[in-house]
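Structure assessment
Listed below, chain by chain, are the residues.
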Number of protein chains: 4
Amino acid sequence: MNTFGRIFRITIFGESHGPAIGVIIDGVPVGIKLSEADFLSDLARRKPSVKGTTSRVEDDIPELLSGVFNEFTTGAPIGVMFRNKNVKSEDYEEFAKHPRPGHADFVALKKFGGYNDNRGGGHFSGRLTLALVAAGVIAKKIVEPIKIKASVLEVGGIKDFEKVVEEAVLLNDSVGGIVECTANGVPVGLGEPFFDSVESTISHLAFSIPSIKGIEFGAGFSAAKMKGSEHNDLIVDTNGKTGTNHVGGVVGGITNGNPLQFRVAVKPTSSIGKAQQTVNLESGKVEELVIPGRHDACIALRMPVILEAITAIVLADLMAVNKTY
Amino acid sequence: MNTFGRIFRITIFGESHGPAIGVIIDGVPVGIKLSEADFLSDLARRKPSVKGTTSRVEDDIPELLSGVFNEFTTGAPIGVMFRNKNVKSEDYEEFAKHPRPGHADFVALKKFGGYNDNRGGGHFSGRLTLALVAAGVIAKKIVEPIKIKASVLEVGGIKDFEKVVEEAVLLNDSVGGIVECTANGVPVGLGEPFFDSVESTISHLAFSIPSIKGIEFGAGFSAAKMKGSEHNDLIVDTNGKTGTNHVGGVVGGITNGNPLQFRVAVKPTSSIGKAQQTVNLESGKVEELVIPGRHDACIALRMPVILEAITAIVLADLMAVNKTY
Amino acid sequence: MNTFGRIFRITIFGESHGPAIGVIIDGVPVGIKLSEADFLSDLARRKPSVKGTTSRVEDDIPELLSGVFNEFTTGAPIGVMFRNKNVKSEDYEEFAKHPRPGHADFVALKKFGGYNDNRGGGHFSGRLTLALVAAGVIAKKIVEPIKIKASVLEVGGIKDFEKVVEEAVLLNDSVGGIVECTANGVPVGLGEPFFDSVESTISHLAFSIPSIKGIEFGAGFSAAKMKGSEHNDLIVDTNGKTGTNHVGGVVGGITNGNPLQFRVAVKPTSSIGKAQQTVNLESGKVEELVIPGRHDACIALRMPVILEAITAIVLADLMAVNKTY
Amino acid sequence: MNTFGRIFRITIFGESHGPAIGVIIDGVPVGIKLSEADFLSDLARRKPSVKGTTSRVEDDIPELLSGVFNEFTTGAPIGVMFRNKNVKSEDYEEFAKHPRPGHADFVALKKFGGYNDNRGGGHFSGRLTLALVAAGVIAKKIVEPIKIKASVLEVGGIKDFEKVVEEAVLLNDSVGGIVECTANGVPVGLGEPFFDSVESTISHLAFSIPSIKGIEFGAGFSAAKMKGSEHNDLIVDTNGKTGTNHVGGVVGGITNGNPLQFRVAVKPTSSIGKAQQTVNLESGKVEELVIPGRHDACIALRMPVILEAITAIVLADLMAVNKTY
């Protein structure tokens, strides 16, 4: 459902083409300096400004509804809201009849009946990540001085990927990618096994981001090919520093003081301009569908700031819980 | 922490060398036939019977403590307990001073002070997966007729892997592997976005299993190299059947009626007989450590029944929540 | 914290004098007809229109932010927001120094440091019940045809209480009261013992309403004076109808099909115009304090619609969970 | 359901006549001295030793299953189990046909079908409070130096109540009572409004105790008859000490440093030896029922240690959460 976290806890709402998108952030410590200006930098990084991202541009100006007084957090839940403005919804009725391949049209129809708001993907839209980024701005302040930084490693299998994206745009196609996130300065001891390991909580939130289909920590899938004597990170000092970091900074589900590091696989955007086949739910026949509208050719490009946000959100919650010992 | 699930909810307890390991299973529907014999088959599959698994053998006989009356579930929480019997604990004090590489010794010391029970890995031990398998037995009954089946795909990068394991045993080393799990007959509509997508909930539970460092659904990391026109699964009938299954049966975080499929990366067992270097926490010097005792050379071999269990547990919970609409 | 419920789940935000108050309502079934007009009747009942209630009047016009499409619920979380408009905040700095007796000024100062927004009571304000009433409007639709009705039983110990309130107003004083809530048509079987009994969940939510200091179900405190042979409700038909209803419709924490009935004790409003003594937190001396501003002389008068709301909210959640069996 | 708490979190299981009753206690701080002997004193206070309590006597010897190593808590969940031994179950089939007045027989039949284990009340039995008392023993250690003390105020409306109980025993009847609980030394600032006020969380747990039908904090229902100028507790020093304690130590849902005080109404035991009428669920006719077996004539007498336990449990959790600021 739409609430996540034990102490630092977020609740999101909104649809792509509804009146607004927002997030309620509970469990924020008191006395953190916060104003609407603090959100602008990360929100700008999420915006579709580069080639290969959608032409829908929203101003994405946050409104602080609660929980802040005289520019400091009060301990009460913080509401942040964004109005949707640049909305074009004429196309979506078509998709209730011809479900788009790779999209939630079909499953939403089955799960929510005819009542689902499928305009722009509705509540399934990548636009909801706006709420995650907003919560992440606050979480980053809480986890200071931890530094979280994500970047795109490759697109379509290529590390120097600008051309790959351009090509996808030209072909009315899309392309996937891999994004890596690293947090430096994480203290030893975060994570609450058995069930709330660092990997469990980060992956839980990561897979709520539309388009993510895989995640690995440290050596990840490469570890499956290794021997224990190769994979084990040798501890070299009493702070727990290790020579290598094959575990990505997490042992036994708990941070070990080395950089927390993970990578996600982002699938190619499902909405493509190219003609595709799909079933006509009325006739039962397979027909050709052309999806009009504005799409990202490579959603991976917008992912770094979102991954940073979810990492900060998880760490803020784990830090809160860790204080209770 | 140690409770997972919204309606079908499990709470686990126990340590590797403590008196007992167990699980309390809440939210079980009434009237399911259940007796201790039902557990034996899956518990046997988890046992270290093949080459490359530990020589510690427990009888693992489950005791039903509650929630069952006249061999049917009553709706009250079900307690299942296993006594630990074959326990050898002499070695573990050493590891408080010389933390084992790849193990939780160091982080547990930092997080829990000197109070952690590190005998046999304590509460971090893979032995806790016994509780998951027990809960899975009940969950599998709930989700019938869904069929869940997992198997080892490769070990040490090799698909025909018997020799790789034997070699690791001979070398006092260990080796990782990849395990795949598939659920057939899953209905359309399970999964509760935004935060409780199928991928989110399965990965949450998967990463609570010791040694798992990566997970991918469907094409997973391969999707990152694909174009949208290649990756999109075309819908071929009004039941939502797709020609390919690159999404692993999950779209928008919700099951689409095609087989649910994911793979996990299992790291090589951290405990190896080979000498390794680690820090002496008293002197601060790096010293050689030899870990005695009984270990799995390839923990991936014991993983299939555990993955089946967590898949059933997640599906049982998602099915319960899905009924509330 | 600020989220309540397992499936039908509400999250509230806002302060008395902040930009807005609102609630996010998750787990709402799809296909319920809903528009802003549906809220007006209950919101009007909460308004301070009668003698003895505050002169602060807000228009309390709800804005639906999400979860509704073409006037039907979609299954996505519903956001409802109210702007605060009629705000006068000049007086509140005084109370950080001279904490008002019976108010949260002192505890909020200690818990949240100087960062608490104490204007109008901030997040502790009775104005937050606006969010509960809004959620209750939706919950009432879900639990149809259950009929929930609350009314004031007595004020200041008097059943015909108009004069008591007038007197309190004249004296710059306030007065408490008792309010009763009854739900007819409740099906047998709601409630989830051991911990989530009907009484547990209703009382949990009831005590979140500012000013409530007691609750009793059925005979309640009178039951403590009774014999078992007097108190036991005899079952008279196979539907479970009982001759008396001393248990208030709840046995073993579960509804028994008879009317669900409880009463709450509402303390007199803490804010009174009369001079009172309190400590000066700077000097440590006890000094006289006169609280200016606009207050309810009898907050119990506004309570019926709020009690109905919380009853509907709890029943909506228990009905959802009950479906999972 | 059967789990309660955010950080200090308990999960209970068991039935009156099943193999065992127990509790898993999560979120216990590390390094607390704990052995089975620590439980004996409170468990003895819960036992039916005085006149007017049941003749079923169990030894109630706790077994620590996990979470304790070398007599100190480890941070892992603590399992405590009690075997049921003195079980007589022949009578209970009768009650599936003739539901006992005041008992859960009827609602359990409707909610759980024929599968409910109604022997001795099953999971609804007062015997489950054994698990609460066990968890309370640990919680009391956590909240030290807070002192929690409960006592019976009156039985059947009489403060000197020994004779009232004897009379009820003679008449094969039962009688209700009022029990008060006070916690001294509670720090200022516990409680997490809006929803998790001190009153909300204590009442939630109190109403999970079988037989409790009312709760009031401080002046409680008397407050409903008071004026604000009478009820307001004047603050007399900078520690927040108040002259009176009409609020029972809780303002705005948060502890104010004065004694936390509440009272509960305990209904007379439903099981009485006297003949009673009830419906025959097969014939639909009202018939006479005589309940054989062993019962408490006044369950209120066993309540003090149970109330202390739930108070300690709630405070332990609120203290944990309060540390996160």
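Let us look at the structure shown here. All values derive from a computational prediction rather than experimental measurement.

Quick notes on the rules
Residues numbered from 1 in each chain as written. Chains lettered and ligands numbered in written order. Predicted model: local features only at pLDDT ≥ 70, side-chain atom pairs only at ≥ 80, totals over all residues. Heavy atoms only, no water. Phe/Tyr/Trp six-rings, centres within 6.5 Å; stacked < 30°, edge-to-face > 60°. Helix = DSSP H or I, 4+ residues; strand = E, 2+ residues; numbered from the N terminus. Buried < 20%, exposed > 50% of the residue type's maximum accessible area, 1.4 Å probe, protein only. Least-squares fit on C-alpha atoms with pLDDT ≥ 70 in both. Contact = heavy atoms within 4.5 Å. Disulfide = S-S within 2.5 Å. Arc of directions from axis to C-beta. Salt bridge = Lys/Arg side-chain N within 4 Å of Asp/Glu carboxyl O. Buried area = accessible area lost by both parts, 1.4 Å probe. Polar contact = N/O pair within 3.5 Å; in protein donor to acceptor, adjacent residues only side chain to side chain. Nonpolar A, V, L, I, M, F, W, Y, C, P; charged D, E, K, R; others polar. Pairing = 2+ DSSP bridges. Core = buried A, V, L, I, M, F, W, Y, C linked by side-chain atoms within 4.5 Å. Axes fitted to C-alpha atoms, helices over the stretch in contact; angles between N-to-C directions. Parallel < 35°, antiparallel > 145°, perpendicular 65-115°, else oblique. Left-handed = near helix turned anticlockwise from the far one by under 90°.

Next up on the list: the packing of aromatic side chains. Tallied over the full model, the rule gives 26 aromatic pairs over all chains. Ring geometry for A:Phe4 versus B:Phe195: centroids 5.8 Å apart, planes at 45°, classification tilted. Of the two residues, A:Phe4 is situated in strand E1 (residues 3-4) and B:Phe195 in the loop between strand E9 (177-184) and helix H6 (198-206); the pairing between them involves two chains. What makes A:Phe4 buried here is its relative accessible area of 9%.

Okay, the relation of the copies chain A and chain C next. Expressed as a screw transformation, the operator carrying chain A onto chain C has a rotation angle of 180° and an axial translation of 0.0 Å, and the superposed copies differ by an RMSD of 0.0 Å. Taken together, these values place the two copies in the relation of a two-fold axis. When each C-alpha of chain A is compared by its distance to the rotation axis, A:Thr11 comes out closest, at 3.7 Å. Residue by residue, 100% of the interface of chain A is reproduced at the interface of chain C, so both copies engage with the same surface.

Residue and element names in this part refer to chain C. Scanning the entire structure with this criterion turns up zero disulfides over all chains. Not part of a disulfide, Cys298 finds its nearest cysteine sulfur in Cys181, a span of 17 Å. Residue Cys298 is classed as buried on the basis of its relative accessible area, which comes to 0%.

Okay, helix H5 (residues 162-170) of chain B next. Residue and element names in this part refer to chain B. Where H5 is concerned, the buried positions are Val164, Val165 and Ala168. All buried residues of H5 fall inside an arc of 95° around its axis, so they share one side. The outward face of H5, more than 90 degrees from its buried face, is lined by the exposed residues Glu162, Lys163 and Leu170. Looking at the buried residues of H5, the elements they touch are strand E8 (147-155). Positive phi shows up at Asn172, right after H5, with a value of about 55°.

Take the relation of the copies chain A and chain B next. Least-squares fitting of chain A to chain B yields an RMSD of 0.0 Å, with the transformation described by 0.0 Å of translation along the axis and a rotation of 180°. Mapped onto chain B, 100% of the interface residues of chain A are again interface residues, and the two copies thus contact each other with one and the same surface.

This part is about the pattern of salt bridges. For the structure shown, the criterion picks out 92 salt bridges over all chains. With a closest N to O distance of 3.0 Å, D:Lys225 and C:Glu154 form a salt bridge. One end of the pair, D:Lys225, is in the loop between strand E10 (212-217) and helix H7 (228-231); the other, C:Glu154, is in strand E8 (residues 147-155), on a second chain. One salt bridge connects D:Asp296 with D:Arg302, and the closest N-O pair in it is separated by 2.8 Å. The burial state of D:Asp296 is the same as that of D:Arg302; both residues are buried.

Here the residue pair B:Glu144 and B:Pro145 is connected by a cis peptide bond, since its omega of 10° sits within 30 degrees of zero. Along the chain, B:Pro145 turns up in the loop between helix H4 (129-143) and E8. Residues other than glycine seldom take positive phi values, yet C:Asp60 does so here, at roughly 50°. If you trace the backbone, C:Asp60 turns up in the loop between helix H1 (40-46) and strand E4 (63-66).

Here we take up the interface of chain A and chain C. On the chain C side, the residues contacting the 38 residues of chain A number 38 residues. In total, chain A and chain C occlude about 3,100 Å² of area from one another, counting both sides; carbon and sulfur atoms represent 65% of this. Per-residue buried area on chain A facing chain C is highest for A:Met1, A:Phe69 and A:Tyr115; these three make up 20% of the total on that side. Seen at the junction of chain A and chain C, the total is two salt bridges. Between A:Glu63 and C:Arg83 there is a salt bridge, with its nearest N and O atoms 2.6 Å apart. At the junction of chain A and chain C, the tally comes to seven residue pairs in polar contact (both at pLDDT 80 or more). Residue assignment for the side of chain A that touches chain C shows that the elements contributing at least two residues are strand E2 (9-14), strand E3 (20-26), strand E4 (63-66), strand E6 (72-73) and strand E7 (78-83) of chain A. The greatest single-element share of the side of chain A that touches chain C, amounting to five residues, is contributed by E2(A). A class-by-class count of the residues in the side of chain A that touches chain C yields 17 nonpolar, 13 polar and eight charged.

In this section: the pairing of strand E13 (residues 260-266) of chain B. All names here are of chain B. E13 sits mainly inside the fold: six of its seven residues count as buried. Here E9 runs beside E13; their pairing, made up of seven bridges, is antiparallel. Paired with Ala183 across the two strands is Leu260, which belongs to E13. Of the pairings in the sheet, the one linking strand E10 (residues 212-217) to E13 comprises five bridges and is antiparallel in character. Across the sheet, residue Gly214 finds its bridge partner in E13, namely Ala265.

Next up on the list: the nonpolar core. A general feature of soluble globular proteins is that nonpolar side chains tend to end up buried together. The biggest cluster of nonpolar side chains holds 150 residues, and the ones touching the most others in it are A:Leu307 and B:Leu307. Residues in contact with B:Leu307, not counting those within four places in the same chain, are B:Ala150, B:Val179, B:Cys181, B:Ile209, B:Ile212, B:Phe262 and B:Val264. Within the second largest apolar cluster, 149 residues are counted, among which are C:Val314, C:Leu318, D:Val314 and D:Leu318.

On to the environment of C:Ala297. All names here are of chain C. Relative to the helices and strands, Ala297 is located in the loop between strand E15 (286-289) and helix H8 (304-322). By relative accessible area, Ala297 is classed as buried at 8%. Taking the C-alpha atoms as reference points, Ala297 and Asp317, 20 residues apart in sequence, are found 34 Å from one another.

The subject of this paragraph is the interface of chain A and chain B. The interface of chain A with chain B comprises 105 residues on the first partner and 105 residues on the second. Both sides of the chain A and chain B interface together cover about 7,900 Å² of buried area, and 65% of this is carbon and sulfur. Together, A:Phe194, A:Phe195 and A:Lys213 form the three largest contributors to the area buried by chain A at its contact with chain B, with a combined 12%. For the pair chain A and chain B, the interface holds eight salt bridges. Counting across the chain A and chain B interface gives 57 residue pairs in polar contact (both at pLDDT 80 or more). Summarising the sheet, strand E10 (residues 212-217) of chain A and E10(B) pair through three bridges and their orientation is antiparallel. Residue pairing across strands places A:Glu216 opposite B:Gly214, the latter belonging to E10(B).

This part takes up the sheet that holds strand E9 (residues 177-184) of chain C. Pairing is antiparallel across the open sheet formed by eight strands, whose spatial order is E8(C)-E9(C)-E13(C)-E10(C)-E10(D)-E13(D)-E9(D)-E8(D). Each having just a single partner strand, E8 of chain C together with strand E8 (147-155) of chain D make up the two edges of the open sheet. Averaged over all pairs of adjacent strands, the angle between strand axes in this sheet comes to 20°, irrespective of strand direction. Examined bridge by bridge, E8(C) and E9(C) share eight bridges and lie antiparallel to one another. Each residue of the ladder has a partner; that of C:Ser151, found in E9(C), is C:Glu180.

Moving on, we get to the side chain of B:Ser270. Turning to its location among the elements, B:Ser270 is positioned in the loop between E13 and strand E14 (276-279). For B:Ser270, the residues in contact, after removing those within four places along its chain, are A:Asn232, B:Pro101, B:Gly102, B:His103 and B:Gln276.

Right, let's talk about helix H6 (residues 198-206) of chain A for a bit. Residues spaced three or four apart along an α-helix face the same direction, because each turn holds 3.6 residues. Within H6(A), nine of the nine residues are buried, which leaves the element mostly enclosed by the surrounding structure. Within H6(A) the residues assigned to the buried category are A:Val198, A:Glu199, A:Ser200, A:Thr201, A:Ile202, A:Ser203, A:His204, A:Leu205 and A:Ala206.

All names here are of chain B. Between H4 and helix H8 (residues 304-322), whose axes approach to 7 Å, the crossing angle comes to 50°. What the angle tells us is that H4 and H8 run oblique. For H4 against H8, the interelement crossing comes out left-handed. The segment H4 lies against H8, with Thr129, Leu132, Val133, Ala135, Gly136, Ala139, Lys140, Ile142 and Val143 engaging Val305, Ile306, Glu308, Ala309, Ile310, Ala312, Ile313, Leu315, Ala316 and Met319. Of the residues assigned to the contact of H4 with H8, the class counts are 15 nonpolar, two polar and two charged.

Pairing between strand E14 (residues 276-279) of chain D and strand E15 (residues 286-289) of chain D: four bridges, direction antiparallel. Within E15(D), the residue paired with D:Val279 across the bridge is D:Val286.

We now examine the sheet that holds strand E13 (residues 260-266) of chain A. Two modes of strand pairing occur in sheets, parallel and antiparallel, and in both the strands are linked by backbone hydrogen bonds. Within the open sheet, the eight strands sit side by side as E8(A)-E9(A)-E13(A)-E10(A)-E10(B)-E13(B)-E9(B)-E8(B). Their pairing is antiparallel. Pairing within the sheet leaves two strands with one partner each, and these edge strands are strand E8 (147-155) of chain A together with E8 of chain B. On average, each strand axis in the sheet is inclined to that of its neighbour by 20°, with strand direction left out of account. The strands that H6(B) touches are E10 of chain A together with E10 and E13 of chain B; relative to E10(B), the one it contacts most, it runs at about 160°.

These figures come from the coordinates and say nothing about function on their own.
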